[in-house]
Amino acid sequence: MNFRQFYLGCLSHASYYLGSDGESAVIDPQRDVEQYIAEAAANGQKIKYVIETHLHADFVSGHTELAAKTGAQIIYGEKADTKFPTLKVRDGGVLGVGTIKLTFRETPGHTPEGICVIAEDGCSDADLRTNDERADERVRAPLKVFTGDTLFIGDVGRPDLIGSAGFTADEMAAMLYDSIYEKILPLPDDAEIYPAHGAGSLCGKNMSKETWSTLGEQRRSNYALQPMTQDEFVKIVAAEQTEAPRYFSHSVAKNLAGPRSLDELSRPLTMSSQELADFSGVIIDVRSAADYGRGHVPGSINIGLGGQFASWAGTMLVIDAPLALVAESADQVDEAVMRLARVGHENVIGFVLFCDYIGDQNLTPQVDPSYANDYLRSGRNAQFIDVRRTGEYAGGHADGAESRPLTDLATGLDGLDPAAPTYVICQGGYRSSIATSILESVGFSELYNVTGGTAAWSVAGLPTTDQKTM
């Protein structure tokens, strides 16, 4: 079996290629699909199937473009209401890719149409008849189980993302329990688990940084796979889920309808500084927090390419809003356009390279934790906000910091004084830079980004509070 995992850190997304004997399949492809076509060419294989384990909410998939470019069939679970030619598979259905046997299991719970794919590295009848040693090795190879968003490493899929489908989170969690305990846990311990996402994705709440594991290891370490009743499972899995980003419903709709090819999207035009100043849409500065802090276009929002750019762009920006980019280079512009398209933002009108920008600039001082702590303890009027998620804050935060999650910041400004010095902290300095730019855009006049975030604060030995032990 030719097998490869493609991991996209920007979206914490894993897709997969597997092939044999001149044929191949791609599972859960990202929107830009050329790497799968190149992989097939390198292996002398034709892509036969494009398999979607479920309707993705956190990114726009490349299924229709990959199928159009290769002639592959698109596969979804039986309950997927797709608007394009689709081969629907039912529980227990089997397809072949070369000598690979693919068995499908319907696993609703994260979504109603979710499926898992069990890949068994088989062999030909001729090999079996001649007792070929290599064939025997393939028969004994561990199963590869592509679990989509049903089972993650360290977690299971959240059950609350599809309210429009007519199910409650508790109803979906009950389905997920049945899927896990009836369809996945009966598999052998050495079965290899390959999910669609890892740590950082908003499709679960406790995902590991590991991108694959064995089922036996997950039985031992995954909180959601421990022996429990369905009621206990529903309670623990549905609890403490973060609010779903606004772009999720748009991604689902695009994936159901069949996204446009990337070749069809308009390329952004070079803008003058005056055109940027007159721009009525949203200006996104994709440079690092440090570069943004040293000087930036007034009113621009800093979402740096160095972090989880696509996830935060999808979360913070209104779909279909006109966008303009500020970047260091043309390569950064191209990268930003691609990563925006992956979460459904297809309306990038133009760009300005910062080296060519002529106009007013604002500064956002980047201060280390010790400086921030000294100022905040000085008795002078100041505000200190932590923009991490509520659970992160509860697990330990800089002493005196007030929780104001980034996802709620634009509408959660009650009690804050725009004229007061405001220090902003997150875990490492990336989200806090986004936050300072949002606060600046609504009139905060004196902002400081705490570099290194809570991690650096702790390393410096500065006072912290663990809300869970209060």
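Basis of the calculations
- Residues numbered from 1 in each chain as written.
- Predicted model: local features only at pLDDT ≥ 70, side-chain atom pairs only at ≥ 80, totals over all residues.
- Heavy atoms only, no water.
- Helix = DSSP H or I, 4+ residues; strand = E, 2+ residues; numbered from the N terminus.
- Rg over C-alpha atoms; globule rule 2.2 N^0.38 Å.
- Contact = heavy atoms within 4.5 Å.
- Areas by Shrake-Rupley, 256 points an atom, 1.4 Å probe, with all protein chains shown as cover.
- Buried < 20%, exposed > 50% of the residue type's maximum accessible area, 1.4 Å probe, protein only.
- Pairing = 2+ DSSP bridges.
- Right-handed = clockwise from strand over helix to strand, strands pointing away.
- Core = buried A, V, L, I, M, F, W, Y, C linked by side-chain atoms within 4.5 Å.
- pLDDT = per-residue confidence, 0-100.
- Polar contact = N/O pair within 3.5 Å; in protein donor to acceptor, adjacent residues only side chain to side chain.

Novice: Can you help me understand the overall build of the protein in this one?
Specialist: In terms of regular secondary structure, the protein is built from 16 helices and 24 strands. A globule of 470 residues ought to have a C-alpha radius of gyration of about 23 Å, and the protein, at 24 Å, matches this closely. Judged by the C-alpha coordinates and their principal axes, the protein covers about 80 × 55 × 45 Å. When contacts within the protein are restricted to residue pairs at least 6 apart in sequence, those whose partners lie at least 24 apart make up 69%. For the protein, the exposed surface amounts to about 19500 Å²; the carbon and sulfur share of it is 50%.

Novice: Is there a simple way to explain the pairing of strand β5 (residues 73–77) in this structure?
Specialist: Each regular strand displays side chains that alternate between the two surfaces of the sheet. The buried fraction of β5 amounts to 4 of the 5 residues, a majority that puts the element mostly inside the structure. Where strand β4 (residues 46–51) lies against β5, 3 bridges are found, and the strand directions are parallel. Each residue of the ladder has a partner; that of I51, found in β5, is I75. Between the parallel elements β4 and β5, the chain passes through helix α2 (residues 63–70) in a crossover that is right-handed. Two strands pair when backbone bridges link them, and β5 and strand β6 (residues 87–89) are joined in this way by 3 bridges, in the parallel orientation. If you follow I75 over to β6, its bridge partner there is L87.

Novice: For this particular structure, what's the right way to read the nonpolar core?
Specialist: Side chains of a nonpolar character, in soluble globular proteins, are inclined to be buried together. I284, V286, I303, F309, L325, L340 and L406 are the most contacted members of the largest nonpolar core, which has 44 residues in total. Put simply, the parts of the chain that give this core at least two residues each are α11 (309–316), β16 (323–327), α12 (330–341), β17 (348–353) and α15 (430–441). Counting 22 residues, the second largest nonpolar core, distinct from the first, contains I118, Y223, A224 and F233.

Novice: Is there a simple way to think about the confidence of the model for the protein in this case?
Specialist: Should pLDDT be low for a region, the predicted coordinates there are not to be read in detail. Here the protein averages 91 in pLDDT, and 93% of its residues register 70 or above. Across residues 124–130, where pLDDT falls below 50, the model places 6 contacts with residues more than four positions away in sequence or in other chains.

Novice: Is there a simple way to explain the environment of T147 in this structure?
Specialist: Within the secondary structure layout, T147 lies in strand β10 (residues 144–148). Taking the relative accessible area as the measure of exposure, T147 reaches 0% and is therefore buried. The residues touching T147, leaving out its near neighbours within four places in the chain, are C116, I184, I193, Y194 and P195. Within the structure, the side chain of T147 is placed 2.6 Å from the backbone oxygen of L151, a separation counted as a polar contact.

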